[in-house]
Structure formats: structure tokens, C-alpha cells
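Structural overview for review
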Amino acid sequence: MTFLHVDLTHFAPYQPSRGEIAAFAVAPVIDGDRLIGALALQINLATIAPVVADRTGLGSTGETVLALRDGEAVRFSMPLAKQAGEPFSVTVSSTDVAVPMHHALAGEQGFGIARDYAGTEVAASWQYLPALDWGMVVKIDAAEALEPFQRRQRNTVLAFAAFVLLSALAALGLGRRFLRSESIIAAQEARYRAMFGSMTDGVALYRPVGDGEEFVVLDLNPAGERISGMSRDEVLGRSSREAFPGLEAAGIFAAFRRVHRGGGSETVNLTAYRDERVDLWVENDVIRLPGGEILSVFKDITARKQAEDALGRSLADLREAQRIARLGNWTLDLRSGRLEWSDEVFRIFELDPTRFPASYEAFLAAIHPEDRASVDRAYRESLETRQPYEISHRLRFPDGRIKHVHEHGESLFAEDGTPLVSRGTVQDITELRRAEEALQLYANIFEHSGEAIMVTDHDNRIIAVNPAFTRQTGYSLEEIGGANPNMLSSGRTPRETYQSMWSALNDGGYWQGELWDRNRNGSVYPKWAAISAIRDAGGAITHYIASFTDISERKAAEARIEHLAHHDSLTGLFNRYNLEIRLSQALSSARREGNELAVMFIDLDRFKVINDTLGHHIGDLLLVEVAQRLQHCVRESDIVARLGGDEFVVVLTGLDNPEDASSAGAKILHALSQPYDIEGDRLHTSPSIGISVYPGDGRDASTLMKNADTAMYHAKEQGRNNMQYFTAALNAAAGERMSLERELRLATEQEQFELHYQPQVATGAPPDARPCAVEALLRWHHPQRGQISPARFIPIAEETGLIETIGAWVLDEACRSFAQWKAAGIGPRRVAVNLSAHQLRSPALVERVEAVMRRHGLADGELELEITESVAMDDPAAAIEKLQALRRLGVTLAIDDFGTGYSSLAYLKRLPIQILKLDREFVRDIETDPNDAAISAATLTLAHSLGLEVVAEGVETAAQRDFLAAHGCDKLQGYLFGRPQPAEHWLEIWQGGNQPGAERPRHPA
């Protein structure tokens, strides 16, 4: 892995770091001959800010100012002491910048007395920072700059403080002897306190005890309180190590003792002070005063230490990154002639840093003798032209090895053109040089190919396209370089094609096939692509090369031929040829899945009259409208075709029963019989439909078509505008169903329905006991047909949606009858009503039940709603939610016909039901069939374990009753206790005081 060069970006706000001011050391990274990325090390301005802000040695007015050129302005990099503003927010014109900063930005170095940015006369030192391209000015107000060094300034201040302190003490002790007035003493004390309190460094005064074994705190200034976290009152009079427990571990107490014994002063540099209150890095000056007191002046440098550590870590990271990437950098100070190399440069040149003379001449000596002159010439021309330079050259080592390296360098100049510093990078490019020769050959082949060619890297990012590619797609490399080729995808290529493509590329390294792409102007086009995977010596894929050709014209011609071959040119429906193919496929699917299939042969009545009278143009428009109506009448999975003329065929797939075709046939009859408005004329026609059903009417396409055609002619003979099944039995069933549907609608309007009620009695109740509940059962009394079984008309009502209206009537009528019995003080305690699947799915069910109960005054527990297992399990989650809402209304809930469905016990126990009804199929043979007896007994046990009440249906014999009673059945219902009878029947019995079973018939058994 190698770097091409390294560069330092300018400091600027960086949004991903919440707008912090930052710069990056950036270097592109290559692996062998591949560019694999870039290394970027972030350097936050906040990291170096504490170091710049530290005024150690600058007194109270000292300041370090940093700035850079920003166009015609100068921008200050750090906050200014005498002007408000955040870093990088304060700017001034280049013509208004202060003289010291003007010199620094011009690349000059010097010092002198001048005025700063605030107009104050200062003593300043300035210099240019080439690595950052910044100017730096270090200044202190001229009035304060009495001494050049920090320690001499601090000692002067401290000596003056000691003098003032001794003067104050002498004045206090000997004031009367020397005839000093109290006002003079007070004035000295005030001056001492003012100076002591205004110092920004912490100051503590100690008195030695004994021979310096301990030191007692005499005073502590406000800055010392802030730094130590202790108040003056807390520490006065206490021993030093008691007041400040961290002194000894920090080495400061030992300095106290040394200074006490030896006099003078001592500085404890950069020590860690820790106690229960604070954890700091401090610098401490310890001074012995003339009176023997110990003066401790300390500064909190925690922030500076943390900033230095952070900067050190950043520099260490940069060095480590250079080592990993084998990239080195160098700096040559042109004023001193000193050359500095990074560790990685020494590793590349294979030189010992301790033995390398740091000079430009020594650098030239390390270069291959044949290349020294060219390297030297390139560098000196760069100085003359003030332009960066790049050069590749060789290194020759004592053992004869040769390395190729690439150097990049630039120089910084003062305003007068004097070169100040040169800097640059060096990189080992030996492997890159070898690869360049091979790449040149491939580049020539690539550029001059007539086919579109695209090259991607191992991550499938586009890295090269040839001119033919640009001509075909409209995209240049500048627009799509680095993008994934899927940006060209139109979305029309099947996912399976891409999966097959990648599988072939990964396994065999080659794939060819058809893809649909989108070019730059948005046009979708097909192309024939050939893609190869390029692998390295280790077998790893490094690149993909794709060549492709636009096949739009060929595909368009194929599509036109295909459509004409399989579709009717007038209506767009399948033609006879395509019908045969698709009907054969549908028959294969029906055989495989065990379903039935219906073929409808449709002929338009009186179409010839319309065609001959109004012309073929109108006839064609009518046929197009018929085709559209047919498509709207069937599912997408069904087949609609035009055989020719006015003959159409519809194939209904996936039928469970032959009768299912009747519903679709009725819809087609209705749709095609509606008027047609064509070019101002209202036309009328109707269909004659013949139906044949697989497998009963034929097991192949030809037989089914022939039989459907025969049935269609039979429909014509029956007066047109009807449908006929090929078999007499199906004809009769279809006619019966259609008649029942029509008559069922009339029955709803003419109130031909009535309710019969069958009692439910408690197991073991006396014969004269009234029923505990009755179940409302719907009956249809047809004016001509008589009583029609619910098994015949309920499925039709559910399919047509009439069950909603019928169910609402049943619920209201049952509650009305119950309210009459309740008002008369007779009858059962509860009435049970069956709910259909349509009713349970209705969003208005709960509101409708609540309204009916309120209208008829039914209380909690007086209405029972029964649902079957299959209805409840159709959508268990929705059923649970709806049933819980009914429970909250006070409705009793029951599962009907338990054991005949396919319910899940996991859902059954979650259903909010209270009653389980054992189906009559199990009760009927419990006397003779051990299996039914076992199922019934197990069901009773299961229900009771779930806390459910059990009602057995179809109880017709005393033996059945006794068996169920012996197994704990709660309630019984069946002919043994009474047949379903109208409400008037039961009202007469209950009002007459007769037993519920007085009218019950004796079972034949």
C-alpha cells in the first residue's frame, strides 16, 4: 500500500463535526496498481486552541494572534483578547491589518515595537507558519513589557509582593515604635490585598513549623481558592498537607522543604495534583521570603496539558498512518538549510536517522547517480517559477536494488519573492511503474473499439468508458465515474436475469445475455451484453469489463411479429392460436392442482343485422366495446379471446365447483345486454353463452371447445340472451340457482321470511321447566315452492350480499319476539341468533347490535350470538377484536357446530366466547359409534377445562340425553325437547302453562 502525496487542507467549519473548525491531512492510497481510497486525519482547531490561549510568559496583556489570508481580507484564526468574536469570524481588509501581522503573512520573521489590531503600542514578535499558511504574532503591551522572560517578570512581581508583605507586617508590629500612623498601616494593608487578590495565578503563603517538617497556611488568594476548590477560611491555620492533601504526591511539599532549607526558589513543572476535590495538572513556583515564609505560586494547566496530549496523539496517529501507507513527507528550511524527514522517508530511503546529515546535499547523495541532475533541476526550476513540481526518479541501494519513487514538492515565498521553506512528499512507486506499461497497451485497444465498453472496479464502480459507450448511452465518464452500473437499469430486466448474471460471473467469469437499460435522455432500450470478470493472480476479482450492443430495432421487429401472431388485430384480445396455447396451459394447471375449468363460447345475438345495416366500421367499434366489457367481467387469471366475427371465448380457471361458472356467466349476460352508445347511435345486442366444464364435459381443449359451441347453439334455441351448460344436470342447476337468486330478492322485499325457535333446556331439569334459551332459525315460505331449506338459499344470499339485509331482519325480529315474552313474564332467559361471515366482517355490526338491544330493551346476557368455527377462524385477529366489542355490550357469544371446522385451539382459547355448541354430527351416533362417543366426551372435557358452557345439538333420544348428562353436558337442544316452531306456537304453550315438551314428537328410534 502506498500514497501518491499528502496535503494539509485549510482550516474551515466542518459540518459533520457540528460545525467545528477543522483541517485534514489527506493522502490518496494505492494498493499495487489500484487506487483504493484516501487517508484523512482530522485536526480540530479546538485541539490546539488551549495551547495558543495559554499566556504563560506573556503577563496580563500578552496574546498570541493567528491569521490567514482570505481573498482580499485577513481572517483571524483564534479569538482575540481585545475584540469579540468566535474563531474564524473576525476579518479585516488586507490594507487595514496591523503591521506585525502584515509582515508575518508576507513570510517575514522579526520583532519590534508597533501597534496591534486594537491600536495599542506593543512589543511584538512575528513569523510565518508555512505548514498552515498562517501568520503568527506574539505580543505584549509595551507598558508591561519591562523584562523579556517570564520567570524574571514573575520573580520581580513576587519579590515586590514579599516586600509589600514584610512592609505591612513591620508596619503592624512596629508602627508605634516608629511613630507610624494607623492610616499608613491600613493603606499598606489595602495595597497588599489589592495586589494579592488581583493576581490570576493561585498564591498561597505558608509559615514553616519547626525545622520545616510542616508548613501552616497563612493566606490564600481568590485565584488559589478557584483552582484548589478550597475557600480561604477553610485552609487558614491548617497544615499544608492537611489543607491540600495532594501536595506530597505531586512533589510540591518536597519542594517546600528544599526551598526552606536552601533558600531561593524552585519550580515544579507539569505535575499532577489530585485530592478528593480536584484532579489537575499544575505548575508551581516555590519561593522563600526574607522572613522565612514560603510563597507558593501555582497555575492550573490542565486544559493546556489535555490539548498537548491530544495534539501528540494526533501527530502519533499521522506518523502511524504514514508508516502503514509507506508515505513520507519532508520540509526544508531555506533560511537555515536544515532538512527534516518523517520516519517513513527514512524507511523508503533505508537510511539511519542518527547518521543522516540533515541537508539538501545529503538528500541528493541518496538518489541514483543518473537521476541526481534531473531532480536537482526540477527543484531549482520550481523555486524560480514558484510552481509546485513533481518528478519520478530512482534510488539505488548498496546491494544493487532499484526503487522507483515519486516526489511532489512546493515552496513558500515572502512578498518580496524570497523563498522561505520547501515541503513535499515522497512515495515508492516501483510496482506502479511496472503496471503503467501494460496499461498503456490496454488503453489504446479500449479507446478505439467500435463496441460500447465499460470497466468497473471490484466493487462494481464505473472507472472507465470508451467513446462508443458515450455515443450509445449519452453519458461521459465525468458524469457517471464512480457510480454503480445499475444507474443505467430501466427496471424492466427481471431480477432472475441479474441473479443468473452474477452467478455466472462469480462461478465462470463470463456471462452474455439481454438487458434493458435507460440512456441519458430517458429512453429505455434493449441491449445484448457480454461481461467478463478479471481476476488477479490470487483469483480475486479486480475488475469487470462489459461490451454491449443496442438491439432496439431487432426487439421492436420481434415484438410486432409476436403480437400479430398471438393477438386479434381489432380488439387486442388473444386470437385462436394463442387461445389454444393458453387453454392447454390452463388444463395442465387444473390437472396438477385438482381444480375445475369452464369454457364459455359466446355469440352476439343479431350482430349481423347491425353490421349489415350500419356498416363494418360500426360493427368493429361494437366488437371493441364487447371485448372491453368481457375483460371487466372476469379475473386477470381468466382467458378472453376472439375467434373471429362476433364469436368470443372466455376460459374461467381455478373453479372449485362447476356451478361457480354461473355467477360469471350471469355477470357477462348482464354486461353485454346493456345498450351501446357508438358514434351517436344507441345499439342493442345480447349474448348467447354455451358452457362446458373440465373434466366432466371433456379433458382436452378440442372437446371442451366443441361442447361449449354445442351448448351455445342450445342457448340460441332457447330464445337467445341466456346461457346453457353442456349437460342437462348442470343446465338444471344453473337455472335453479338463477331462479332462486331472483326469487330471493323478491322474498326480501315481500317479507316471505319467518323465524322458528327451538328450545334449549338445562341438563337434568324437570320436565315442566321452561327452556333456558331458544335459538332463532330462519325459514323461507315461498308462495309457490312452499318451505325452502336454508341450506339452499343461505349460500346464495351470502354470495349476492343479501345476507346483510336478511341477517339484520333476523336479529331485529328475534329480539322483538324475546321482548314480548319478557314483557309477558314468560319464555326463556335468552334468545340465540346465528351470525354469518358477512355480518361478522361488517364494520357496522357492533353499532347495529347495540341499537337493536337498546330498541327492544334487552339486558346483559339476554342476547346470544352464534358463529361457526370456520367464520371465526377466517380472520382470527379481526374476529377476536369484533367479538370482544360485542362482549362489552353484554352479548353472550357461542361457537356453533364445534368440531366440524378447522379451528386452532391456540386461537379458540383467545376467542371471548362463553358457550360451545357440540355439533349434531357427533351427537347423532354416540349410542352406536365409539368414535363419536369419544369425540363428544373429549369435547366436553376440553370445553369445561377452558371454562366454557356446552350445548349439545340434535339430541333426539333418551339414550343420547343420558350419555351427555353423564359426561356433564350443560344444556341440550333437539327434537327430544321440541321442534323449531313459530313464536306464536311457543307463546300459546307458555301462556297456557304447558310443558315445553308437550308438543314434542316421538323420535322414530
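Keep in mind that this is a model prediction, so the values were computed, not measured.

Scanning the protein from terminus to terminus reveals 34 helices and 43 strands. Residues classed as buried in the protein amount to 46% of the 1005 residues present. Sequence separation of at least 24 residues holds for 55% of the intrachain contacts in the protein that already meet a minimum separation of 6. Working note: accessible area of the protein is about 50200 Å², and carbon and sulfur atoms make up 51% of it.

Counting 75 residues, the largest nonpolar core has Leu744, Tyr757, Val849, Leu863, Leu865, Leu886 and Leu964 as the members making the most contacts within it. Counting residues per element, this core draws most heavily on helix α25 (residues 803-824), at eight residues. Counting 34 residues, the second-largest nonpolar core is a separate cluster that includes Phe648, Val650, Leu652 and Val693.

Turning next to the sheet that holds strand β24 (residues 510-518). Consider a sheet: its strands pair through backbone hydrogen bonds, and that pairing is either parallel or antiparallel. With antiparallel pairing, the five strands of this open sheet are ordered in space as β23-β22-β26-β25-β24. In the strand order of this sheet, the two ends are held by β23 (462-465) and β24, each with one partner. Each neighbouring strand pair of the sheet contributes to a mean axis angle of 25 degrees, computed without reference to strand direction. As judged from the three bridges shared by strand β22 (residues 452-457) and β23, these two strands associate in the antiparallel manner. Looking at β23, one finds that Met454 is bridged to Val465. Sheet strands touched by helix α16 (residues 495-508): β24, β25 (524-535) and β26 (541-550). Its angle to β24, the strand with the most contacts, is close to 145 degrees.

This part is about the confidence of the model for the protein. Low pLDDT means the predicted coordinates in that region are not meant to be read closely. Looking at the protein, pLDDT values average 84 and 87% of them are 70 or higher. When the criterion is pLDDT under 50, residues 146-154 qualifies, and its contacts beyond four places in sequence or with other chains add up to twelve contacts. In this model, residues 997-1005 is a region of pLDDT below 50 whose contacts with residues beyond four sequence positions or in other chains number twelve contacts.

A separate point is unusual backbone geometry. Cis geometry marks the peptide bond from Tyr694 to Pro695; its omega dihedral reads 5 degrees. Examined against the element boundaries, Pro695 turns out to sit in the loop between β32 (686-694) and α22 (701-717). The backbone of Glu350 sits at a positive phi, close to 55 degrees, despite the residue not being glycine. The residue Arg386 is not glycine, and still its phi comes out positive at about 60 degrees.

Okay, the pairing of strand β11 (residues 134-141) next. For β11, a buried count of six out of eight residues is recorded, marking the element as mostly surrounded by other parts of the structure. In the sheet, strand β6 (residues 63-70) pairs with β11 via five bridges, with the strands oriented antiparallel. Each bridged residue has a counterpart across the sheet, and for Leu66 the counterpart in β11 is Met136. Bridging between strand β10 (residues 121-129) and β11 involves eight bridges; their strand directions are antiparallel. Across the sheet, the residue bridging to Ala124 is Lys139, located in β11.

Interaxial distance between helix α18 (residues 576-593) and α22 falls to 10 Å at its minimum, and their mutual angle equals 110 degrees. Judged by the angle between their axes, α18 and α22 are roughly perpendicular. When α18 is examined against α22, the residues Leu579, Leu583 and Leu587 are found in contact with a partner set consisting of Ala701, Leu704 and Met705. Its residues assigned to classes, the contact of α18 with α22 shows six nonpolar, no polar and no charged.

Next up on the list: the pattern of salt bridges. With the rule as written, the count across this model stands at 61 salt bridges. For Asp457, the salt bridge is made with Arg461, and the minimal N-O distance between the two is 3.1 Å. Here Glu625 and Arg629 are joined by a salt bridge, their closest N and O atoms 3.2 Å apart. Here Glu625 and its partner Arg629 are both found in helix α20 (residues 616-633), four residues apart, which amounts to about one turn of the helix. Given a relative accessible area of 27%, Glu625 falls into the partly exposed group. Each of Glu63, Lys82, Asp116, Lys139 and Asp141 takes part in salt bridges that share partners, so that together they form one network.

Another point: the environment of Glu741. On the secondary structure map, Glu741 appears in helix α23 (residues 728-750). Residue Glu741 is classed as buried on the basis of its relative accessible area, which comes to 19%. For Glu741 and Phe793, which are 52 residues apart along the polypeptide, the C-alpha to C-alpha distance reads 8.1 Å. Glu741 has contacts with Ile796 and Thr800, leaving out every residue within four places of it along the chain.

The five strands lie next to each other as β13-β12-β16-β15-β14, forming an open sheet whose pairing is antiparallel. Strands at the two margins of the open sheet, each flanked by one partner only, are β13 (214-220) and β14 (265-274). The sheet shows a mean angle of 30 degrees between the axes of neighbouring strands, direction not considered. In terms of strand pairing, strand β12 (residues 202-209) meets strand β16 (residues 294-300) through five bridges, oriented antiparallel.

In contact at an axis separation of 10 Å, α20 and helix α21 (residues 660-673) are set at 150 degrees when each is read in the N-to-C sense. It follows that α20 is roughly antiparallel to α21 by the angle criterion. At the point where α20 passes α21, the crossing takes the right-handed sense. Between α20, through Val626, Arg629, Leu630 and Cys633, and α21, the contact on the second element is made entirely by Lys667, Ile668, Ala671 and Leu672. Looking at side-chain class alone, the contact of α20 with α21 contains six nonpolar, no polar and two charged residues.

Within β22, six of the six residues are buried, which leaves the element mostly enclosed by the surrounding structure. Of the two faces of β22, both are covered, the one formed by Ala452, Met454 and Thr456 as well as the one formed by Ile453, Val455 and Asp457. Relative to β26, β22 runs antiparallel, the two sharing six bridges. Bridging across to β26, Thr456 finds its partner in Tyr544. From the end of β22 to the start of β23, which pair antiparallel, there are four residues, and Asn460 there has a positive phi angle of about 65 degrees.

On to the environment of Val626. Relative to the assigned elements, Val626 resides in helix α20. Residue classification places Val626 among the buried residues on the basis of a relative accessible area of 0%. Once residues within four sequence positions are removed from consideration, Val626 is found in contact with Leu604, Phe648, Leu672 and Tyr676.

This next bit is on a nonpolar patch on the surface. There is a patch of nonpolar side chains on the surface, built from Leu439, Leu441, Tyr442 and Ile445 and spanning about 440 Å² of accessible area. Within the secondary structure, Ile445 is located in helix α13 (residues 430-447).

With that out of the way, let us pick up the environment of Lys608. Along the chain, Lys608 turns up in helix α19 (residues 607-614). Relative accessible area serves as the criterion here: at 61%, Lys608 is assigned to the exposed category. As a C-alpha pair, Lys608 and Gly645 span 37 residues in sequence and 9.3 Å in three-dimensional space.

What follows is about the side chain of Lys917. Topologically, Lys917 is positioned in strand β40 (residues 915-918). In terms of polar contacts, Lys917 uses its side chain to reach the side chain of Gln973, at 3.1 Å.

Another point: helix α24 (residues 790-800). All of the buried residues along α24 are Phe793, Ile796 and Ala797. Around the axis of α24, the buried residues are gathered within 105 degrees of arc, so they sit on the same side. Where α24 terminates, the next one or two residues include Gly801, which has phi positive at roughly 90 degrees.

Overall, the coordinates contain 22 aromatic pairs when judged by the stated rule. Ring centres of Tyr360 and Phe363 lie 6.0 Å apart, and the angle between their planes is 40 degrees; on these two criteria the pair is classed as tilted. Placement of both Tyr360 and Phe363 in helix α11 (residues 360-365) is noted, with a separation of three residues, approximately one turn of the helix. In this structure Tyr360 comes out as buried when scored by relative accessible area, which is 11%. Ring-pair connections join several aromatic residues into one group, and the members of that group are Trp341, Phe346, Phe349, Phe356, Tyr360, Phe363, Tyr379 and Tyr389. Geometry around Trp281 places Lys305 over its ring, the cationic atom sitting 4.4 Å from the centre. Across from the ring centre of Phe413, 5.2 Å away, lies the NZ or CZ of Arg386, which sits over that ring.

Conventions and cut-offs
- Residues numbered from 1 in each chain as written.
- Predicted model: local features only at pLDDT ≥ 70, side-chain atom pairs only at ≥ 80, totals over all residues.
- Heavy atoms only, no water.
- Helix = DSSP H or I, 4+ residues; strand = E, 2+ residues; numbered from the N terminus.
- Buried < 20%, exposed > 50% of the residue type's maximum accessible area, 1.4 Å probe, protein only.
- Contact = heavy atoms within 4.5 Å.
- Areas by Shrake-Rupley, 256 points an atom, 1.4 Å probe, with all protein chains shown as cover.
- Core = buried A, V, L, I, M, F, W, Y, C linked by side-chain atoms within 4.5 Å.
- Pairing = 2+ DSSP bridges.
- Axes fitted to C-alpha atoms, helices over the stretch in contact; angles between N-to-C directions.
- pLDDT = per-residue confidence, 0-100.
- Parallel < 35°, antiparallel > 145°, perpendicular 65-115°, else oblique.
- Nonpolar A, V, L, I, M, F, W, Y, C, P; charged D, E, K, R; others polar.
- Salt bridge = Lys/Arg side-chain N within 4 Å of Asp/Glu carboxyl O.
- Left-handed = near helix turned anticlockwise from the far one by under 90°.
- Patch = residues over 30% accessible without salt bridge, like charges linked within 9 Å, V, L, I, M, F, W, Y side chains within 5 Å.
- Polar contact = N/O pair within 3.5 Å; in protein donor to acceptor, adjacent residues only side chain to side chain.
- Arc of directions from axis to C-beta.
- Phe/Tyr/Trp six-rings, centres within 6.5 Å; stacked < 30°, edge-to-face > 60°.
- Lys NZ or Arg CZ within 6 Å of the ring centre and 35° of its normal.

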